[in-house]
Amino acid sequence: MNKTMERTRETMATAVADLRSILTAGTLDTASRDDVLAFLIGVGDLHRQVEATLVLSTGIIEKRSATAERFDVSADCRNPNEVLQRITGAAPTTVKRWSRLAATIKPARTLASGEEKPAEFPALRTALTTGAIGADGLEAAARPLREIKDRVNPADLAEVDEVLAAMTTTTGAPVMTDTLRDLSLRMATDLDITGAEVEEEQAFRGRALRLGVKRNGLVPVAGQLVPDVAGALSVLLDSINNPHGQPTDVRFRPSDESDENADVRTMAQRNHDALGTILAAVPNAPDMPTNGGGAPVLVIHATEDTVHAGEGWATIPGADGTGTDVPVPFAAAKHVGCCGTIQRLTTSATGRIVKLTIDKRFFSPDQRRAIIARDRSCVIPGCHTPARWCEIHHVTAWSNGGKTTTDNGVLICWHHHRSIDHMNWDIHMNNGVPEVRPPDWVDPTQAWHPTGPRAVARTRRKT
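How each quantity is defined
Residues numbered from 1 in each chain as written. Predicted model: local features only at pLDDT ≥ 70, side-chain atom pairs only at ≥ 80, totals over all residues. Heavy atoms only, no water. Helix = DSSP H or I, 4+ residues; strand = E, 2+ residues; numbered from the N terminus. Contact = heavy atoms within 4.5 Å. Areas by Shrake-Rupley, 256 points an atom, 1.4 Å probe, with all protein chains shown as cover. pLDDT = per-residue confidence, 0-100. Expected span 1.5 Å × (residues − 1). Buried < 20%, exposed > 50% of the residue type's maximum accessible area, 1.4 Å probe, protein only. Arc of directions from axis to C-beta. Pairing = 2+ DSSP bridges. Patch = residues over 30% accessible without salt bridge, like charges linked within 9 Å, V, L, I, M, F, W, Y side chains within 5 Å. Salt bridge = Lys/Arg side-chain N within 4 Å of Asp/Glu carboxyl O. Polar contact = N/O pair within 3.5 Å; in protein donor to acceptor, adjacent residues only side chain to side chain. Axes fitted to C-alpha atoms, helices over the stretch in contact; angles between N-to-C directions. Parallel < 35°, antiparallel > 145°, perpendicular 65-115°, else oblique. Left-handed = near helix turned anticlockwise from the far one by under 90°. Nonpolar A, V, L, I, M, F, W, Y, C, P; charged D, E, K, R; others polar. Core = buried A, V, L, I, M, F, W, Y, C linked by side-chain atoms within 4.5 Å.

A.B. asks: Just checking my understanding: could you explain the overall build of the protein for this structure?
C.D. replies: Across its full length, the protein holds 17 helices and twelve strands. Restricting the contact set of the protein to residue pairs at least 6 apart, pairs at least 24 apart contribute 50%. For the protein, the computed accessible surface area is about 29100 Å², with 55% contributed by carbon and sulfur atoms.

A.B. asks: Sorry, what's going on with unusual backbone geometry here?
C.D. replies: Peptide bonds are mostly trans, and most non-glycine residues show a negative phi. For Asp-76, which is not a glycine, the phi torsion comes out positive at approximately 60°. Mapped onto the elements of the fold, Asp-76 is located in the loop between α4 (71-74) and α5 (80-88).

A.B. asks: Where do I start with the confidence of the model for the protein in this structure?
C.D. replies: Detailed reading of the predicted model is not advised wherever pLDDT is low. In the predicted model, the protein carries a mean pLDDT of 79, and the fraction of residues at 70 or more is 75%. Within the protein, no element has a lower average pLDDT than strand β6 (residues 341-347), which sits at 57, and none a higher one than α5, at 95. Predicted confidence for residues 244-261 stays below pLDDT 50, and this span has 42 contacts to residues more than four positions away or in other chains. Low pLDDT, under 50, characterises residues 454-463; the stretch is placed with five contacts to residues that sit more than four places away or in other chains.

A.B. asks: I keep staring at helix α10 (residues 177-191) and nothing clicks. Help me out?
C.D. replies: An α-helix turns once every 3.6 residues. As a result, residues three or four positions apart point the same way. Between its first and last C-alpha atoms α10 spans 21 Å; for 15 residues at 1.5 Å apiece the expected length is 21 Å, and the two agree. Within the sequence span of α10, burial applies to Leu-180, Leu-183, Ser-184, Met-187 and Ala-188. The arc enclosing the buried residues of α10, seen along the axis, measures out at 130°, which places them on a common side. Contacts made by the buried residues of α10 are with α8 (135-148) and α9 (154-167).

A.B. asks: Sorry if this is basic, but what is going on with the sheet that holds strand β10 (residues 426-430) here?
C.D. replies: Note on sheets: strands pair through backbone hydrogen bonds, and any given pair is parallel or antiparallel. With antiparallel pairing, the three strands of this open sheet are ordered in space as β10-β11-β12. Because the sheet does not close on itself, it has two edges, and the strands there are β10 and β12 (449-450). In this structure, β10 lies alongside strand β11 (residues 433-437), joined through five bridges in antiparallel fashion. Residue His-428 lies in a different strand from β11, and its bridge partner there is Glu-435.

A.B. asks: Would you mind going over helix α13 (residues 267-281) with me for this structure?
C.D. replies: Compared with the 21 Å implied by 1.5 Å per residue over 15 residues, the 21 Å span of α13 between its first and last C-alpha is a close match. Those residues of α13 lying buried are Arg-270, Asp-273, Ala-274, Gly-276, Thr-277 and Ile-278.

A.B. asks: Any chance you could explain the pairing of strand β8 (residues 391-394) here in plain terms?
C.D. replies: Residues in a regular strand point their side chains to alternate faces of the sheet. By the alternation rule, side chains of β8 split into Glu-391 and His-393 and Ile-392 and His-394, which are all buried. Direction of pairing for β8 relative to strand β9 (residues 409-412): antiparallel, over a ladder of four bridges. Considered in β9, the bridge of His-394 is made with Gly-409.

A.B. asks: Before we go on, may I ask you to explain a nonpolar patch on the surface in this structure?
C.D. replies: A cluster of nonpolar side chains, contributed by Leu-209, Leu-211, Val-221, Leu-225 and Val-229, occupies part of the molecular surface with about 480 Å² of accessible area. Structurally, Val-221 is set in strand β2 (residues 221-224). Looking at Val-221, the relative accessible area reads 56%, which means it is exposed.

A.B. asks: Help me understand the side chain of Arg-374 in this model?
C.D. replies: Mapped onto the elements, Arg-374 comes out in helix α16 (residues 365-375). The buried category is assigned to Arg-374, whose relative accessible area is 17%. A polar side-chain atom of Arg-374 sits 3.3 Å from the main-chain carbonyl oxygen of Gly-432.

A.B. asks: I keep staring at the pattern of salt bridges and nothing clicks. Help me out?
C.D. replies: Here the idea is simple: oppositely charged side chains can pair when their charged atoms come close. Taken as a whole, this structure holds 18 salt bridges when the rule is applied. The closest approach of N and O atoms between Lys-149 and Glu-120, which form a salt bridge, is 3.5 Å. Linking Lys-149 in the loop between α8 and α9 with Glu-120 in the loop between α6 (92-105) and α7 (122-129), this pair joins segments that are 29 residues apart in sequence. Close ionic contact of Arg-369 with Asp-366 constitutes a salt bridge, the shortest N to O distance being 2.3 Å. Taken together, the residues span about one helical turn, with Arg-369 and Asp-366 both in helix α16 at a distance of three residues. A residue is classified by how much of its surface remains accessible, and Arg-369, at 52% relative accessible area, is exposed. Salt bridges sharing partners connect three or more residues here, namely Arg-97, Arg-100, Asp-136, Glu-139 and Arg-143.

A.B. asks: Before we go on, may I ask you to explain the packing of helix α3 (residues 33-65) against α5 in this structure?
C.D. replies: Two packed helices can be described by the angle between their axes and the distance between those axes. It is at 9 Å that the axes of α3 and α5 come closest, and there the two elements cross at 140°. Overall, the two elements α3 and α5 adopt an arrangement that is oblique. Crossing hand, α3 versus α5: right-handed. Facing Leu-54, Thr-58, Ile-61, Glu-62 and Ser-65 of α3, the residues of α5 in contact are Pro-80, Val-83, Leu-84 and Thr-88. For the contact of α3 with α5, the class distribution of residues is five nonpolar, three polar and one charged.

A.B. asks: Help me understand the nonpolar core, please; the structure alone is not making it clear to me.
C.D. replies: Nonpolar side chains tend toward joint burial in soluble globular proteins. Within the largest apolar cluster, 37 residues are counted, with the highest numbers of intra-cluster contacts made by Leu-124, Ile-133, Leu-138 and Leu-164. The set of elements that each furnish at least two residues to this core consists of α3, α5, α6, α7, α8, α9 and α10. If sequence neighbours within four positions are ignored, Ile-133 has contacts with Arg-48, Leu-124, Ala-127, Leu-128, Leu-138, Thr-168, Val-175 and Leu-180. In terms of nonpolar packing, the next biggest core, distinct from the first, is built from 19 residues, Ile-380, Ala-387, Val-395 and Cys-413 among them.

A.B. asks: Even after reading the chapter, I still don't get the packing of α5 against α6, so can you show me in this structure?
C.D. replies: Where α5 meets α6, the closest approach of the two axes is 9 Å, and the angle between their N-to-C directions is 115°. With respect to the hand of their crossing, α5 and α6 are arranged in right-handed fashion. Listed contacts from α6 to Asn-81, Leu-84, Gln-85 and Thr-88 of α5 are Pro-92, Val-95, Lys-96 and Trp-98. Partitioning the contact of α5 with α6 into residue classes produces four nonpolar, three polar and one charged.

A.B. asks: Please clarify how the side chain of Thr-404 should be interpreted in this entry.
C.D. replies: Looking at the element boundaries, Thr-404 is found in the loop between β8 and β9. Judged by its relative accessible area of 18%, Thr-404 falls in the buried class. Side chain to side chain, Thr-404 and His-394 meet in a polar contact 3.1 Å long.

Following this line, the structure appears as structure tokens:
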């Protein structure tokens, strides 16, 4: 064995043992801030160098497996990917990523003279091998360039390669991946003036949106959006998640001054709920196509026993990729039914349809305008979802005899509407004006509070 590699193996074995000792002993837990930061800086340097080694080694093993040597077969593996899996413990997808990156920086091919062409991005290759960037940095910098390499002058591409590599350094803090990606994309766009039409055509062919099969109560969504559709969706999500204006609703604070109205949802959860808000509002848009003479309406099926019990399962036709009836908790049916149309389907034990009734409980456009003028936004304190994105909630449930009137309807966002049965906020009407009662941990007095400042009649000035 090469003496340098032998010494390196011994050094790595010592380093691994030291790291293992630090982690198992819990040394990091009690280390000072400066010690933790200094330690992690060193680990980051090591991590980038290890990633560079794995990327380059993957390319080497793949190359030697394609020759008479058959590196993979001689190692009793089916292919190079399995070799890397067995010796590193990495997942197949991780090894595929190393392979993709290795193809980015390996010499192109052997020429007739026996010499190899330089690597596709030699400067970035050097940055990788010296540990200035890791696998993430290489991918961020190289991907935009690979997409345009067949459409631009090679000399211009080489200059961009040099500029990106010059941003990296083996001393000090490493350059952030997002910084590399943004600069690479901007420079690639400047070079590829004529590539916009090609990208548009490719993107249009690749656009997709797919619903998966329900698992654990959730339907996975996958696909790719063209940028203008993604941008339009982003604008709508932002407008719902971050409505403009200062808080105007009543706010309740416990004695420790903590913000009880803080939104504890993750951004991904907030985006999901905002999409639900958008989809709830779309069917009533004036330009939407009709379905059977009316606006498209989501219909949830539940048996009469389930409706009476108020719990159990309902079904939504075609709610996932199977196209069949998908079981959902009855709470979903209650939420949809509160602001839409409920179709009650009663069946016999043999499956015969015994009774079919449809309750329409939509608030009319005139009623909605009046409720918007009164409530202005979601009535839950601290939530300022604009009125245009809110649903209308029956304060006294329809199933309990509540009427579809302005005195029984309040604005409420999709998120709070869906969770109102268990969020411990109560709503009632006081002479046609909504009031809320917070949970007892927020307001131990359990008093009812108006949902916003109301106009107060002023006494007539005496003349």
